[in-house]
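Here are the chains, one letter per residue:
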Amino acid sequence: MNLIRLLAPAAFAAGLVVGTVSALAASPEKGKVAYVNYGCWECHGFVGQGGASGPKIAPNPMPLDALSAFLRHTNGAMPPYQEAVLSNEDLADIHAYLQSISKSADYKTIPLLK
Amino acid sequence: MARKHSSSKVDRRQFLTGVIAAGAATAMTPPFASAAQPAVKSPPSALPPSAKTAAAETGTPRELARIKGIPGSDFMVDVIKTLDIKYLPSNCASSFRAIHESLIDYGGNRMPEFLSCMHEESAVGMAHGYFKITGKPLLTLCHGTVGLQHATMAIYNAWCDRVPVIVVGGNDLDAAHRPPGVPTFHAAQDINAIVRDYTKWDDTPVSLQHFAQSFVRAYKISMTPPYGPVAISLDAGLQQEPMKEHGEKPYIPRYVPTAPPQGDSGAVKEAARLLAQARNPVIIVDRAARTPDGMALLVQLAEILQAKVIDQNGRMNFPKTHYLSSAPPAVNNADVIIGLELSDFWGAVNAYTDNGDNEGVGKNSTKIKPGTKLISISSVEFNTKSNYQDFQRFQVIDVPMAADAQATLPALIEAVKSAIPNAAKAAIEKRGEAARKTHAEIGARTRQAAAVGWDASPVSTARLAMETFVQIKDLDWSLVASTFGMSGWPFRLWPMEKYYHHIGGSGGYGQGYGPQGAVGAALANRDLGRFSVSFQGDGDLMYAPGALWTAARHKIPSLMIIQNNRGYHQELMHVQRMANFRNRVAYHGADLGPMGTSIMNPDIEYHKLAESMGWWAKGPIKDPAQLGAAIKEAVAVVQSGQPALLNVWTQPR
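Computed from a predicted structure; not experimentally measured.

Engineer: Sorry, what's going on with the sheet that holds strand β6 (residues 230-235) of chain B here?
Structural biologist: In a beta sheet, neighbouring strands are held together by backbone hydrogen bonds and run either parallel or antiparallel to one another. Residue and element names in this part refer to chain B. An order of β3-β4-β6-β5 is seen for the four strands of this open sheet, with the pairing classed as parallel. The open sheet is flanked by β3 (139-143) and β5 (201-203), the only strands paired with a single partner. For this sheet, the mean angle separating the axes of adjacent strands, direction not counted, is 20 degrees. For strand β4 (residues 166-171) and β6, the ladder comprises six bridges, and the chain directions are parallel. Within the sheet, the bridge partner assigned to isoleucine 166 lies in β6 and is valine 230.

Okay, structure coming up:
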């Protein structure tokens, strides 16, 4: 979480320069499949909730360009996903899936968490 | 090696000759032969056993009754009984048959009571978990070579976790007299060699008096901080032969506990000065509290200083509900850090990032400010060995003390009280107020984080933790194992305040410990009237699931919830990471994770596995809405005295 917060501004700027990822035709359904196939779930969980191995990435994911720049250039705990491994189209679909995940409830409305 | 005395009327060679002769005689008489029946010549469906095989399988050891005097192993039982050892988890073996028989017949199978185990690793793991609840060690017997080889990983776990276990391995030392074949395959010159690197002490007694001294010494060494496992090689001949000490029993040395080592007074004073003058002191604890008194002392030290406490959870050191209980980032702004019984001080104040830098080695960075003073109190400094690297990376410490932390805390607390200047007291109080506020904020953030993915299927680990807790919160509960796959949710959400609310982990991270340690701890909790609950990894369970049968066989109730993420998830992530670094798509085949890391196709039905061994069980539960009712039912089963297992499909972490 902290790492993403630190890197997000720079990643976002880099994404604007690269500008190769388009969200126009992105499919959340395809993205859900890609999210599993590329192993995103392994550290972030099937619904992006995060855990001991990776931060929460949904709901409210970072913008697509920022996500792209981060994934391509990360040098932190998360290994990079180069375009040769994860295409821009698949990445846009994954982002669309993350965007489609509904906002979680306020914990005060969940009896077990009150 | 047992000495051979000319006065012995029946030595072991004669005894074995008798056994073989008796067996051969038995084999030569067909059990259903009848002269009235005509002989029908037809090809046999299976070849009959040879006389030698038949003797080995069916021979009656008639000579045993002719061994005069008191068996040596009876005296060994007398020695063992002086040490208040309640249980003996063990997998039976021929090399300790004599002491086995003495324990259950001469010793009445009490103090210790024999617990049937299906793997030596399970036996040691049970002893490990039992100690974490009671503070008392158990004895385990194992076959000297192959049995001890099975036990080794669990012994290493106990070593890393500073847990005493008394391991006795049977061995047939006398090459001139031991039976040929299998018993000789299973004999060795020095069976303890395989565990010497991760036991505190070992011995090979050659007489009964030697055994008495060795056993009491082994117990004493294992129970002197830093605690640790010990090993005794027990000659089969010494067990089986009668006592020959001129008709007199050897004496049994009295056990007197050794006082744990306290920190040097000068070093304690210097540590107190640094802590008292610190603007932001932080306490890090791993295995600091050996008993509930240790927890109380830590609370006292923390409150005097209003210092945040980071608990690495090797033991239940500090109440999770206390406002000074903090997360690891608290070290970032510290100016003085005291580490109490840390297994990895370097890792507490530095970061390692597995990012492929430095030609794949990864990146190291510090987490603390320049000039931060470091204090350490650790008894492990007395007992470091060379081969296995459990001592971790070297960290320079400003005030290092080779001492037991809990034993040193009373002196340190008094020294800190004296060292705090009056002028600093207001600032210290203010520090405490800030900590209260931070603790409340983190609590709310943690609960909000738990709400993310609350209704997801497979079940989120946060929800699993809380669905479980709500069903046990009014019981006297004890978390006897929690997989790392739970993202620490029980530690983050459950109000852990008592020493037995959790018991830490395996120590050496050797897989398979979870169920074994949990059964051992549940045994201790059963006797104390507590409710045991654990979260187990799916992969972890499959290393030695026979521990489940032992729990059912000996009526050890506990609620075991399998956090079934259908993979060796840590390794799954490692292989994925490697593929990413190498710019390759990880090959999954039909699995969810990279090939070789998933446990699926087919899925293991852990509930059926448990049912087959006498447990009440249910699963697989994938829908979080069904979880509460299932846990409630399982809790009722456990309260009735039966073990219960739930197989829950969960999120990976």
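Engineer: Looking at this model, I keep getting lost on the sheet that holds strand β10 (residues 336-340) of chain B. Mind explaining?
Structural biologist: Residues and elements named next belong to chain B. Pairing in this open sheet of six strands is parallel, and the strands run β9-β8-β7-β10-β13-β14 from one edge to the other. Two strands bound the open sheet, and with one partner strand each, they are β9 (325-326) and β14 (399-402). Pairing analysis gives four bridges linking strand β7 (residues 281-285) to strand β8 (residues 308-311), with the strands arranged parallel. Across the sheet, the residue bridging to valine 282 is lysine 308, located in β8.

Engineer: Could you clarify how one ought to interpret helix α10 (residues 265-277) of chain B in this entry?
Structural biologist: Side chains that are three or four residues apart share a direction in an α-helix, a result of its 3.6 residues per turn. Residue and element names in this part refer to chain B. Compared with an ideal rise of 1.5 Å per residue, which puts 13 residues at 18 Å, α10 spans 18 Å between its outermost C-alpha atoms and is within 8% of the ideal. Those residues of α10 not exposed but buried are Ala267, Val268, Ala271, Ala272, Leu274, Leu275 and Ala276. Considering only its buried residues, α10 is in contact with β7, α11 (292-305), β10, β13 (373-378), β14 and α13 (405-419). The N-cap residue of α10 is aspartate 264: its side-chain oxygen and the backbone nitrogen of glycine 266 are 3.1 Å apart.

Engineer: Is there a simple way to explain the interface of chain A and chain B in this structure?
Structural biologist: By a widely used convention, the size of an interface equals the accessible area lost when the partners come together. Each partner contributes residues to the interface: chain A has 34 residues there, and chain B has 36 residues. Here chain A meets chain B over a buried area of about 2,900 Å², counting both sides, of which 62% is carbon and sulfur. Ranking the residues of chain A by area buried against chain B places Glu42, Leu112 and Leu113 of chain A at the top, with a combined share of 23%. Inspection of the chain A/chain B interface yields zero salt bridges. Connecting chain A to chain B are twelve residue pairs in polar contact (both at pLDDT 80 or more). Of all elements in the fold, only α2 (28-37) and α3 (40-44) of chain A reach the threshold of two or more residues within the side of chain A that touches chain B. Per-element accounting of the side of chain A that touches chain B gives the leading share, three residues, to α3 of chain A. The residue makeup of the side of chain A that touches chain B, split by class, is 20 nonpolar, ten polar and four charged.

Engineer: Help me understand the nonpolar core in this model?
Structural biologist: Here is a general trend for soluble globular proteins: nonpolar side chains tend to be buried in one another's company. All names here are of chain B. If you look at the biggest cluster of nonpolar residues, it comprises 83 residues, and the most contacted ones within it are Ile85, Ile99, Phe215 and Leu645. Ignoring anything within four residues of it in the chain, the contact list for isoleucine 99 reads Ser73, Met76, Val77, Ile80, Leu141, Leu234 and Gln239. Of all hydrophobic cores here, the second largest spans 42 residues; its members include Val459, Ala465, Phe469 and Val635.

Calculation notes
- Residues numbered from 1 in each chain as written.
- Chains lettered and ligands numbered in written order.
- Predicted model: local features only at pLDDT ≥ 70, side-chain atom pairs only at ≥ 80, totals over all residues.
- Heavy atoms only, no water.
- Pairing = 2+ DSSP bridges.
- Helix = DSSP H or I, 4+ residues; strand = E, 2+ residues; numbered from the N terminus.
- Axes fitted to C-alpha atoms, helices over the stretch in contact; angles between N-to-C directions.
- Expected span 1.5 Å × (residues − 1).
- Buried < 20%, exposed > 50% of the residue type's maximum accessible area, 1.4 Å probe, protein only.
- Contact = heavy atoms within 4.5 Å.
- Polar contact = N/O pair within 3.5 Å; in protein donor to acceptor, adjacent residues only side chain to side chain.
- Buried area = accessible area lost by both parts, 1.4 Å probe.
- Salt bridge = Lys/Arg side-chain N within 4 Å of Asp/Glu carboxyl O.
- Nonpolar A, V, L, I, M, F, W, Y, C, P; charged D, E, K, R; others polar.
- Core = buried A, V, L, I, M, F, W, Y, C linked by side-chain atoms within 4.5 Å.

Scope: geometric values only; no functional claims are made or implied.
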